[in-house]
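One-letter residues, chain by chain:
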Amino acid sequence: LQRDAKGQYLFDLLCHHLNLLEKDYFGIRFVDPDKQRHWLEFTKSVVKQMRAQPPFTMCFRVKFYPTDPAALKEEITRYLVFLQIKRDLYHGRLLCKTSDAALLAAYILQAEIGDYDPGKHPEGYSSKFQFFPKHSEKLERKIAEIHKSELSGQTPATSELNFLRKAQTLETYGVDPHPCKDVSGNAAFLAFTPFGFVVLQGNKRVHFIKWNEVTKMKFEGKTFYLYVSQKEEKKIVLTYFAPTPEACKHLWKCGIENQAFYKLEKSSQVRTVSSSNLFFKGSRFRYSGRVAKEVMESSAKIKREPPEIHRAGLVPSRSCPSITHGPRLSSVPRTRRRAVHISIMEG
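Okay, so let's go over this structure.

Calculation rules
- Residues numbered from 1 in each chain as written.
- Predicted model: local features only at pLDDT ≥ 70, side-chain atom pairs only at ≥ 80, totals over all residues.
- Heavy atoms only, no water.
- Phe/Tyr/Trp six-rings, centres within 6.5 Å; stacked < 30°, edge-to-face > 60°.
- Helix = DSSP H or I, 4+ residues; strand = E, 2+ residues; numbered from the N terminus.
- Buried < 20%, exposed > 50% of the residue type's maximum accessible area, 1.4 Å probe, protein only.
- Arc of directions from axis to C-beta.
- Contact = heavy atoms within 4.5 Å.
- Salt bridge = Lys/Arg side-chain N within 4 Å of Asp/Glu carboxyl O.
- Axes fitted to C-alpha atoms, helices over the stretch in contact; angles between N-to-C directions.
- Parallel < 35°, antiparallel > 145°, perpendicular 65-115°, else oblique.
- Left-handed = near helix turned anticlockwise from the far one by under 90°.
- Nonpolar A, V, L, I, M, F, W, Y, C, P; charged D, E, K, R; others polar.
- Pairing = 2+ DSSP bridges.
- Disulfide = S-S within 2.5 Å.
- Expected span 1.5 Å × (residues − 1).

Further remarks concern the packing of aromatic side chains. Any two aromatic rings considered together are summarised by their centre-to-centre distance and by the angle between their planes. For the coordinates displayed, the defined rule picks out 19 aromatic pairs. Between the aromatic rings of Y25 and F261, the centroid separation amounts to 6.1 Å while the plane-to-plane angle is 75°, which identifies the pairing as edge-to-face. Separated by 236 residues along the polypeptide, Y25 in the loop between α1 (7-18) and β1 (26-31) and F261 in helix α7 (residues 245-263) bring together distant segments of the chain. Neither Y25 nor F261 differs from the other in exposure class; each is buried. When the centroid spacing of 5.6 Å and the interplanar angle of 50° are considered together, the rings of F192 and F197 count as tilted.

Here we take up helix α8 (residues 292-299). Of all the residues in α8, the buried ones are A292, E294, V295 and S299. Burial along α8 is one-sided: seen end-on, the buried residues are contained in an arc of 160°. Where α8 is buried, its residues meet α7.

Before going further, it helps to examine the pattern of salt bridges. Here the idea is simple: oppositely charged side chains can pair when their charged atoms come close. In total, this model carries 19 salt bridges according to the counting rule given. The shortest N-O distance in the salt bridge between E145 and K142 comes to 3.8 Å. Here the residue E145 and the residue K142 both occupy positions in helix α5 (residues 137-150), the gap between them amounting to three residues, near one helical turn. Judged by its relative accessible area of 44%, E145 is partly exposed. A salt bridge links K218 to E220; the nearest nitrogen and oxygen atoms lie 3.5 Å apart. What you see here is one network of salt bridges that share partners, running through R29, R37 and D176.

Moving on: the packing of helix α4 (residues 98-113) against α5. At a minimum axis distance of 8 Å, the contact between α4 and α5 shows a crossing angle of 55°. With respect to α5, the element α4 is oriented oblique. Note that α4 runs across α5; the crossing there is right-handed. Contact residues: T98, A102, L103, A105, A106, L109, Q110 and I113 in α4; L139, K142, I143, I146 and H147 in α5. The class makeup of the residues in the contact of α4 with α5 is nine nonpolar, three polar and one charged.

Taken residue by residue, a regular strand's side chains alternate between the two faces of the sheet. Where burial is concerned, the two faces of strand β4 (residues 178-181) differ: the one with H178 and C180 is buried and the one with P179 and K181 is not. Here four bridges tie β4 to strand β5 (residues 187-193), and the two strands are oriented antiparallel to one another. Its bridge partner lying in β5, H178 is registered against L190.

As enumerated under the stated definition, the model contains zero disulfides in all. Summary of cysteine pairing: C180 is not part of a disulfide, and the nearest cysteine sulfur, belonging to C248, is at 6.9 Å. Given the relative accessible area of 6%, C180 is considered buried.

In this model, helix α3 (residues 75-90) (16 residues) spans 22 Å end to end at C-alpha, consistent with the 22 Å of a helix rising 1.5 Å per residue. Burial of α3 is extensive: 14 of the 16 residues sit out of reach of the surface. Positive phi shows up at G92, right after α3, with a value of about 80°.

With respect to the helices, strands and loops of the structure, A167 is situated in helix α6 (residues 156-168). Each C-alpha atom, one on A167 and one on L95, is 9.6 Å from the other, the two residues being 72 residues apart in sequence. Not counting residues up to four positions away in its chain, the partners in contact with A167 are I85, L94, L104 and Y173.

A separate point is the packing of α3 against α4. At their nearest, the axes of α3 and α4 sit 12 Å apart, and the two run at 135° to each other. The angle between α3 and α4 places the two elements in the oblique class. Crossing hand, α3 versus α4: left-handed. In this structure, α3 contributes F82, K86 and L89 to the contact, and α4 contributes L104, I108, A111 and E112. Class assignment for the residues of the contact of α3 with α4 results in five nonpolar, no polar and two charged.

A word on unusual backbone geometry. Note that the residue after P54, namely P55, is joined by a cis bond; omega there is 5°. If you trace the backbone, P55 turns up in the loop between α2 (46-49) and β3 (56-62). Within the chain, N19 stands out as a residue other than glycine whose phi angle is a positive 60°. Secondary-structure assignment places N19 in the loop between α1 and β1.

Let us now look at the environment of V175. Relative to the helices and strands, V175 resides in the loop between α6 and β4. Along the primary structure V175 and T193 are separated by 18 residues, whereas in three dimensions their C-alpha atoms are 5.8 Å apart. In contact with V175, other than residues within four places in its own chain, are R93, A191, T193, V198 and L200.

Structure follows, in structure tokens:
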């Protein structure tokens, strides 16, 4: 990259490499030296957003989960979303009951190793793969049972589509959690989904606020405020505390972007938002990009031969990794796990 190259240039370069046209759902994420996550801003210089020294390591991932992933126009887009949600399942972000977990894992097996073949798949073959942070032998048997008896004949594309349709029905579909504490000091995870703002405590969703009920978001230091206006003129303010001011600002920016993407009818309605009630005080931020409705309209106009998709089979797991300390998802092909390493050129 040239030293003055903006984030949009790098993003377009990656999408061209992936042959991806429905690119508005994706973004580039990086972690600073303090382990704080950031989304690369496309309107700013890549170099100026970095606090680390080059080469910079970044991750290409889903930023805005499609409201209806089955409605995506191209198979390549669905495949990339499938890979992301498969990763979410593994890291415990996509919570579900045992029966749903077994079905989702069976779809992954069918998509990546094909039909059950007794010559290739001996007893206990599903235990060789890691789909979740942890699971029981009973669940492994259920996964194999579904794979053997219910999914035979499904192509990878069909299994991935069925996986997406099932994942979309779950309460935690699209959750990218931000750790916080509530006013009582209880641990919680805040997240933004295609349908609204959610708060998770343990394995339960304790709050769900639709996007049209969210009237304002702001932050002061480590404190995040969500202003909500519900039926019968009921107005409430939810208050949460992030670990650091930087984490709180990241949470606020993610909220502003998600609400703009999912709620607005067109990008011309996007406005610059201030984190404070005082005029020209605090942080100011503006979402740059198209909104979901515009993206869907643009996708409908795509007319090209479907690009070839290079899928790779599951890689057996050698251990049972935990959510926070284990190795990366072992079933993600190595070629698709590779990070982007950038060299900055002078001039």
